[in-house]
Amino acid sequence: MFLRKLFHEGVEAPLLRTSIFFLILFAAVAVRVSNYEEVFKPFSGHLNFLDPDSYYQLRRLAHFITHFPEVMRFDPFLDWPYGSRVDWMPGLMWVVGLPLKLLGVSSYDGLETAVSFLMIGFGLLQMLLLYFLIRRVIPDKRFWLFGLFLGAILPSMVRYSCLGQVDHLSLI
């Protein structure tokens, strides 16, 4: 009965689909912030990021915001003690760092918090792009919300866009 109403073209069907759409987006945010206790544990007075790449990207973002618009091209701490050029392209610095710079983020603590929540926003944007791609490719409305739901819960999509993760993979 419920599924028949959901996909029947009556007056209430678009409202019901819209409600489910926003419910799935809310669930996606809940899944992505479900690790808040681990990220906000007071070990060192800073946020606890999930992997070393997050710390390195955060270091690059701090350099970018401090020395705007210069992007770090050589890092003396890579390939210690000689240093090395930075192999990552500067796209993440511009896509993530520019909004943070425009928002006035200037402290390291503010950078940690803002970039963590910005990655969640990128994950939601990724889900919306997936939804519109599914709408474009698959004409059957039953698959539209199902695809959005999968984007909300699949570990491969949640992993790089959850709280405590700073990585360019949330933009892919």
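Owing to the predicted nature of the structure, the values given are computational and were not obtained by experimental measurement.

Q: When you look at helix α4 (residues 52-66) in this model, what are you seeing that I'm missing?
A: Residue pairs three or four apart in sequence face the same way in an α-helix, which turns once every 3.6 residues. In a regular helix each residue adds 1.5 Å, so 15 residues correspond to 21 Å; α4 covers 21 Å between its end C-alpha atoms and thus fits that length. All of the buried residues in α4 are S54, Y56, Q57, L58, R60, L61, A62, H63, F64 and I65. At its buried positions, α4 is contacted by β1 (74-75), α5 (91-102) and α6 (108-137).

Q: Mind showing me how you'd approach α6 here?
A: The terminal C-alpha atoms of α6 lie 43 Å apart, and with 30 residues this matches the ideal 44 Å at 1.5 Å per residue to within 8%. Residues of α6 that are buried: L111, E112, V115, S116, M119, I120, F122, G123, Q126, M127, Y131 and I134.

Q: It is not clear to me how the side chain of D167 should be interpreted in this structure. Could you clarify?
A: Tracing the backbone through its elements, the reader meets D167 in the segment after α8 (155-158). Look at D167: it is buried, it has no salt bridge, and the nearest opposite charge is R159 at 6.3 Å. Among the polar contacts made by the side chain of D167, one reaches the side chain of H168 at a distance of 2.9 Å.

Definitions and limits used
Residues numbered from 1 in each chain as written. Predicted model: local features only at pLDDT ≥ 70, side-chain atom pairs only at ≥ 80, totals over all residues. Heavy atoms only, no water. Helix = DSSP H or I, 4+ residues; strand = E, 2+ residues; numbered from the N terminus. Expected span 1.5 Å × (residues − 1). Buried < 20%, exposed > 50% of the residue type's maximum accessible area, 1.4 Å probe, protein only. Contact = heavy atoms within 4.5 Å. Lys, Arg positive; Asp, Glu negative; His and termini not counted. Salt bridge = Lys/Arg side-chain N within 4 Å of Asp/Glu carboxyl O. Polar contact = N/O pair within 3.5 Å; in protein donor to acceptor, adjacent residues only side chain to side chain.

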